[in-house]
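# Understanding the architecture of this molecule
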Amino acid sequence: MDHVSAFDEPLKKLLGGATAKVMADHLDLHTVGDLLHHYPRRYEERGRLTALTDLPLDEHVTVVAQVADARVMTFNGGRGKRLEVTLTDGHGRLQLVFFGHGVHKPHKELLPGRRAMFAGKVSVFNRKMQLAHPTYQLLDAELTDEAGATEAVDAFAGKLLPIYPACKQLDSWRIAKAVDAVLPSAQEAVDPLPPALREGRGFTALPEALLKIHRPHTKADVAAARDRLKWDEAFVLQVALARRRYADTQLPAVARRPVPDGLLDAFDATLPFTLTDGQLKVSKEIFDDLATEHPMHRLLQGEVGSGKTMVALRAMLATVDAGGQAAMLAPTEVLAQQHHRSITEMMGELAEGGMLGGADQGTKVVLLTGSMGVPARRQALLDLVTGEAGIVIGTHALIEDKVKFHELGLVVVDEQHRFGVEQRDALRSKAHSQGEKRSPHLLVMTATPIPRTVAMTVFGDLETSVLDQLPAGRSPIASHVVPAKDKPHFLSRAWERVREEVDNGHQAYVVCPRIGDDEDEAAGKKGKKAADEEGDKRPPLAVLEIAEQLAKGPLSGLRVEVLHGRMHPDEKDDVMRRFAAGQVDVLVATTVIEVGVNVPNATAMVIMDADRFGVSQLHQLRGRVGRGSAPGLCLLVSEAHEASPARARLSAVASTLDGFELSRIDLEERREGDVLGRAQSGVRSSLRVLSVIDDEEVIAAARAEAVEVVAADPELEHLPELRLVLDALLDKDREEYLDKG
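What comes next concerns the included structure. Within each chain, residues carry numbers counting from 1 in the order of the written sequence. Per-residue local features of the predicted model are confined to residues with pLDDT of at least 70, and side-chain atom pairs are confined, for both listing and counting, to 80 or more; whole-chain, interface and lining totals are unaffected and use all residues. To obtain the side-chain values, all non-hydrogen atoms of the structure were used and water was disregarded.

### Topic: the packing of aromatic side chains
Any Phe, Tyr or Trp ring, taking Trp's six-membered ring, that has another such ring centre within 6.5 Å forms a pair; planes under 30 degrees apart are called stacked, those over 60 apart edge-to-face, and the others tilted. Within this structure, the stated rule accounts for five aromatic pairs. When the ring of Phe118 is compared with that of Tyr136, the centres are 6.1 Å apart and the planes differ by 40°; the resulting orientation is tilted. Separated by 18 residues along the polypeptide, Phe118 in strand β5 (residues 115-125) and Tyr136 in strand β7 (residues 135-138) bring together distant segments of the chain. Note on accessibility: Phe118 and Tyr136 belong to one class, buried. Here the aromatic cluster, defined as three or more aromatic residues joined through ring pairs, consists of Phe98, Phe118 and Tyr136. By definition, any uninterrupted DSSP run of H or I lasting at least four residues is a helix, any uninterrupted run of E lasting at least two residues is a strand, and each is numbered from the N terminus. The buried label goes to any residue with under 20% of its type's maximum accessible area, the exposed label to any with over 50%, and the partly exposed label to all in between, with areas taken from a 1.4 Å probe on protein chains only.

Encoded structure:
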């Protein structure tokens, strides 16, 4: 029987329609292969109970525990019945609740002293952890004559009970049963690792690794299986990326070298400051790439305010010098307008090329967005097709079919994670030069620091440059946590500090998680998880309410205005313009200010309910102050309990300005599945045992091996098994996720 048929067999053939449907709908498992790669999340030992004290809130969990006591309560004058069962692990306790007719069976079975596996969603009620209406499977076979329980115990005769990632509709032990049905197919697994690599590293054979991860006898079994499966994942992914990079190096592009005494030199001569060493080093990497006849594919990572725009602009000017056009894409119209404004300001009269009074070696810089008026848009399109405009800045509207370039040489993309591979390919196809297809050079910029391992996986088809020093003239930002609940006078002091900044001629931001208008109810649920950590249900603070309180109270007499995403675009622009012009003292806003707002005179930021924001989001927000010569101040206001994880997270943000350090904390916080974002469809399904956080060595080693394999055999002709597995990974629309930042 060949591999394809065994692993691609649909689950409904083996498991029956109902189970197969739940697996497909809720766990995204469709074939035998999918289920064999649905690995246990952890293992419980038969005799040991699960630690009940640190269960994650709002998550579906499976625990092995002992019943401590069970009692039926009545309510509604005896009409309603509720069964409360207390579980213990010897230290912590967990409450179970059953209602109505659902109390009879558990009341008979869940007797004190019994052990069982319980599955349900963790919630907090009266400040106690509880599972409401959990499903359970008894583990003491001798106490029950039910065939089911005996069978369960036989199935788990090994000491280790596998606990699978489960869902409300399908608990872990039913998944375990389904795995038993497909486990024989593991014998037919096709091994992607080249034999030399497998033997060299002493790995377990793949069928054996699959068997050991699902049904281990010892912890050593689990470790051996994980090591092997981790390598498969890392290696297959890195081969896919290495092939993508290799294919890119085979594409033709026009080399773009700066011309002496051209636009770039004229621009550099006008700079009022010298570039940092970091900017010079990264610029050199970019210019070296631009000078080759293959398209550059580079990721430029830089902290907020590290001068990425300057580096990108110099690359664009060098491209124009070399006879090409440069396009810069921003994720939103507001950002495109901001880039257009700051680039024309930086270039001064060099941006007026072709106009009267413009510099001789200048060029036209045009803006192109979806909401432009027809005449302005028509003119911009004309300037592009004739080559009059050397630089165009716009949103992804730039990629539309209607837009024709004279000769597109370089594309700069701001904020990669909103820019997928389809758009990149559309841009490539735009670059027609002399009737043959040549790709433009590509520079992707991101202000979100990405740890090295994530860069190697998610952005693995791009070479990476990092800008890690702040330009001269940037001021340090002091950050402090303000515990509003424990020390209310700290909050009063925070508002005094805002007043002092304004008295000194500066401005401030106050950021809230919520807008606070009628449409806001749905959004309010997002903050619930953080609140539940504290067992409190207060909705997150809202812009409109806080602005009113501040204007009447602690900040009365100051010019307080609001900014949020549901305002009319003209209204937003008006507020931002007046804030930038210094006509507003305090801007109370949602996270709309997270990206690209540049007001050097704003020195203070107060973030309300700061525990409801992610680590990297807080870091991005904080980057909005201290952009001028005066030092910045960021106050993280929180009612979170001193000992809570939320407070620990805020202390971490307050203690360092190093975005890379914080992005590591953020990753560890958010757990695997989320790291790469749900949007990257394939990542979740292809990274199952590999941890982007902990497996840095594995990923780096796999990358090195993959590069060697692909260099020696780009088409993998001598490695048919690896090809097979790669095709399986890539054909399910996965190829695009490799590029979907």
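And the narrative resumes.
### Re the sheet that holds strand β23 (residues 632-638)
With parallel pairing, the six strands of this open sheet are ordered in space as β18-β23-β22-β19-β21-β20. A single partner strand is all that each edge strand has here, and the edge strands are β18 (477-483) and β20 (560-563). On average, each strand axis in the sheet is inclined to that of its neighbour by 20°, with strand direction left out of account. In terms of strand pairing, strand β19 (residues 507-511) meets strand β22 (residues 602-607) through five bridges, oriented parallel. Note that in β22 the partner of Val511 across the bridge is Ile607. Packed on one face of the sheet, helix α22 (residues 569-580) meets β19, β20, β21 (586-589) and β22 and runs near 135° to β20. Any two strands with at least two DSSP bridges between them are considered paired. To define axes, lines are fitted to C-alpha atoms, for helices over the stretch in contact only, and angles between the resulting N-to-C directions are given on a 0 to 180 degree scale. Residues are treated as being in contact if the distance between any of their heavy atoms lies within 4.5 Å.

### Side note on the pattern of salt bridges
We count a salt bridge whenever a side-chain nitrogen from Lys or Arg sits within 4 Å of a carboxyl oxygen from Asp or Glu. Scanning the entire structure with this criterion turns up 33 salt bridges. With a closest N to O distance of 2.9 Å, Asp383 and Lys364 form a salt bridge. With Asp383 in helix α15 (residues 374-386) and Lys364 in strand β11 (residues 364-368), this residue pair connects regions lying 19 residues apart in the sequence. The class of Asp383 is buried, set by a relative accessible area of 5%. You can call Lys364 buried: its relative accessible area is 17%. Because the salt bridges share partners, they merge into one network encompassing Arg493, Glu496, Arg497, Glu500 and Glu501.

### Quick word on the sheet that holds strand β13 (residues 408-414)
With respect to topology, seven strands assemble into an open sheet ordered β11-β12-β10-β13-β16-β9-β17, the strand pairing being parallel. At either end of the open sheet lies a strand with only one pairing partner, and these are β11 and β17 (463-467). Averaged over all neighbouring strand pairs, the angle between strand axes comes to 20°, with direction disregarded. Pairing of strand β9 (residues 297-302) with strand β16 (residues 441-446) involves five bridges; the strand directions are parallel. Directly across from Leu299, in β16, lies its bridge partner Val444. On the sheet, α15 packs against β10 (325-329), β11 and β12 (389-394) and is oriented at approximately 130° with respect to β11.

### Quick word on unusual backbone geometry
Excluding glycine, residues mostly have negative phi values, and the peptide bonds linking residues are mostly trans. For Asp261, which is not a glycine, the phi torsion comes out positive at approximately 60°. Tracing the sequence through the fold places Asp261 in the loop between α10 (219-250) and α11 (263-270). Judged by relative accessible area, Asp261 falls into the exposed class, the value being 66%. Phi at Leu716 takes a positive value of approximately 55°, unusual for a residue other than glycine. Secondary-structure assignment places Leu716 in the loop between α27 (696-712) and α28 (720-731).

### Overview of the environment of Leu57
Mapping Leu57 onto the fold places it in the loop between β1 (42-45) and β2 (60-75). Here the alpha-carbon distance between Leu57 and Val124, two residues 67 residues apart in the chain, equals 7.8 Å.

### Let's talk about the pairing of β9
For β9, a buried count of six out of six residues is recorded, marking the element as mostly surrounded by other parts of the structure. Burial of the side chains of β9 extends over both faces: His297, Leu299 and Gln301 are buried on one face and Arg298, Leu300 and Gly302 on the other. Pairing geometry for β9 and β17, over five bridges, is parallel. Bridge pairing in β17 links Leu299 to Thr464.

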